[in-house]
Amino acid sequence: MRLRRPTVGDLPTLNRILKESRAYQGQYAPMLVGYAISADQLARDHFELAEDDKGVIGFFSLTPGEPVELDLMFVADARQGQGFGGQLFQAAVGAARGMGGVRMLIVSNPPAESFYLRQGARRVGEAPPGGRVTWARPILHLDLN
Ligand SMILES: CC(C)(COP(=O)(O)OP(=O)(O)OC[C@H]1O[C@@H](n2cnc3c(N)ncnc32)[C@H](O)[C@@H]1OP(=O)(O)O)[C@@H](O)C(=O)NCCC(=O)NCCS
C-alpha cells in the first residue's frame, strides 16, 4: 500500500468511493445526500490516499485543530477486510501527530465504532440526532502522545 496526497484530479475517485460505500446505503444514506468532497476541502484539510497496483484502496482526511478530527475514513468496498483500514488508520494517527495534535476526535458512523475501538480509540460520548441525521453517532477519542 502506497500513500500520497491526492490532487483535484483525484476528487472524482474519492467521491466515487464515498458514494458507492455500502456503509452509507440503506438507513445511513441521508448522511451523504448532497455531499461531495470539494476542492476547497481538499486544500484545507489533510487528505491522504492509499493505492497499490490494483488501484485506489481508500483515503482519510484530517481537519486541523485541537483535537485533530478524523473527518473522512473510507476503504473501497471491494478492498475491505484485508487490513487496509488498520494501516490507513495508523497513517492518520501518524499524520495527526505530525500536525502537533495531542488528541484525535472521531464522530463515527455507528457500524464503524467497533473498528475504531479495535484501533485503540475510546468512546467518550454520543452526538445526538440532528437535521437529516436521525440517529445518534458515537464520539471517540484517541490520545496521540
Ligand atoms: C471501517 C473501515 C475503514 C475498516 O476498514 P477495513 O479495511 O475493512 O478494516 P481492516 O481489514 O483493516 O480491519 C482492521 C480490524 O478491524 C476489524 N473491523 C473492520 N471493520 C470492522 C467493523 N465494521 N466492525 C468491527 N470490526 C471491524 C477487523 O476485523 C480487524 O480486526 P483484527 O485487527 O482483529 O483483524 C471500512 O470498513 C470502511 O471504509 N467502511 C465504510 C466507511 C465508513 O464507515 N467509514 C467510517 C466513517 S466514520
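Everything below is about the structure shown above.
Residues numbered from 1 in each chain as written. Predicted model: local features only at pLDDT ≥ 70, side-chain atom pairs only at ≥ 80, totals over all residues. Heavy atoms only, no water.

Enquirer: Please clarify how the pattern of salt bridges should be interpreted in this entry.
Expert: For side chains of opposite charge, pairing can occur when their charged atoms come near one another. Under the defined criterion, the tally for this structure stands at 11 salt bridges. In this structure, Glu-20 and Arg-16 form a salt bridge, with 3.7 Å as the shortest nitrogen-oxygen distance. Here Glu-20 and its partner Arg-16 are both found in helix 1 (residues 11–20), 4 residues apart, which amounts to about one turn of the helix. Residue classification places Glu-20 among the partly exposed residues on the basis of a relative accessible area of 46%. On the basis of relative accessibility, which here comes to 42%, the residue Arg-16 falls in the partly exposed class. Where Arg-79 meets Asp-52, a salt bridge forms, and the shortest distance between an N and an O atom there is 2.6 Å. Taken as a pair, Arg-79 in the loop between strand 4 (68–75) and helix 3 (84–98) and Asp-52 in strand 2 (residues 46–52) lie far apart in primary sequence, 27 residues in all. Taken as a pair, Arg-79 and Asp-52 share a single burial class, namely buried. (Salt bridge = Lys/Arg side-chain N within 4 Å of Asp/Glu carboxyl O. Helix = DSSP H or I, 4+ residues; strand = E, 2+ residues; numbered from the N terminus. Buried < 20%, exposed > 50% of the residue type's maximum accessible area, 1.4 Å probe, protein only.)

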